[in-house]
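# Close look at the chain arrangement
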Amino acid sequence: LGVALSTVLLPSLSKSFSDNKYMEFSRLINWGLRLAILFGAPAAIALGILSIPIISTLFFYGAFTEYDLVMTQYAVIAYSIGLIGLILVKVLAPAFYAQQNIRTPVKIAIFTLFCTQFMNLIFIGYFKHAGLALAVGLGACINAGLLFYFLKKYKAFKLESQWLSFLLKIIVALVVMSLFLLYTRGTIEEWTSFSLLSKISRLFFLVSTGSAVYFLALFLLGINLKELLNKKII
């Protein structure tokens, strides 16, 4: 998702900025951020909630024990925290590249690297291997946050007025989806006893129905997905 958004945005942002169409430039960034949050947030939350079903389906065979399953779950949950940050970086960084400003995102990336290593030293003592994953995830969020801050500081774009309403609707839809997945995901004991075919079919059911619940909630809350994908304002 992040790479796709980056690929789509960069030429459009570059053209808008070179043509001095700064309102269009700002609108494109807002559009990219909306899509990143719209699709990235549920993916991150579902990755954490469905970590046991996913890991069990992929790896719980042979010498892979239930203890390994639980330990891997901790790392996956920690990584899921940074998923939205990783996607947002792919949206925000092209906004600098379009302005031929390579220095700022590189400086931020280097700073983020040092922050990540520092967090590694702190977290590994408390969370072990999951601490390393958590440091990477938080590092991605720091990277995205700094890119957003400096993009605003340079007055290259401004947030549109509909953002508060949009975020509130996303949060409500995420809560509905999360409650549904928590209720239907099953237990560790169930997933360790399922056959491969049962795991695949059940995981497919969880992902597809969870997605349907999320987008249905968005529809009922008034978010027009078709208009958003067509770069129109909600």
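Before any of the text, the structure's been laid out above.
Worth saying up front: this structure is predicted, and the values here are computed from it rather than measured. (Residues numbered from 1 in each chain as written. Predicted model: local features only at pLDDT ≥ 70, side-chain atom pairs only at ≥ 80, totals over all residues. Heavy atoms only, no water.)

### Describing helix α6 (residues 103–127)
Defined as follows: For the purposes of this entry, the term helix denotes a DSSP run of H or I that reaches at least four residues, the term strand denotes a run of E that reaches at least two, and both are numbered from the N terminus. Multiplying one less than the number of residues by 1.5 Å gives the expected span of a helix. Here the bend at a residue means the angle between the axes of two seven-residue stretches, the one that ends at it and the one that starts at it. Here the term buried applies to any residue with accessible area under 20% of the maximum for its type, exposed to any over 50%, and partly exposed to those in between, with areas from a 1.4 Å probe on protein chains only. Here, two residues are considered to be in contact whenever any of their heavy atoms come within 4.5 Å of each other.
Counted at 1.5 Å a residue, the expected span for α6 with its 25 residues is 36 Å, and the 34 Å between its end C-alpha atoms agrees. Of all bends in α6, the biggest is about 30 degrees, found at L121. For α6, every residue scored as buried is listed here: T104, P105, I108, T112, C115, T116, M119, N120 and F123. Those residues of α6 hidden inside the fold are in contact with α5 (83–98) and α7 (129–153). Among the residues trailing α6, K128 stands out with phi positive, at a value near 60 degrees.

### Topic: the environment of I171
Assignment of secondary structure puts I171 in helix α8 (residues 163–184). Taking the relative accessible area as the measure of exposure, I171 reaches 48% and is therefore partly exposed. Linking I171 and P42, residues 129 residues apart in sequence, is a C-alpha distance of 9.6 Å.

### A few points about the pattern of salt bridges
To be explicit about the condition: Take a side-chain nitrogen of Lys or Arg and a carboxyl oxygen of Asp or Glu: if they are within 4 Å of each other, that pair is a salt bridge.
Going through the model one piece at a time under the given rule, you end up with 3 salt bridges. Close ionic contact of K15 with D19 constitutes a salt bridge, the shortest N to O distance being 3.1 Å. A salt bridge links R27 to E24, with the nearest nitrogen and oxygen atoms 3.2 Å apart. Of this pair, R27 and E24 both sit in helix α2 (residues 22–49), 3 residues apart, roughly one helical turn. Judged by its relative accessible area of 22%, R27 falls in the partly exposed class.

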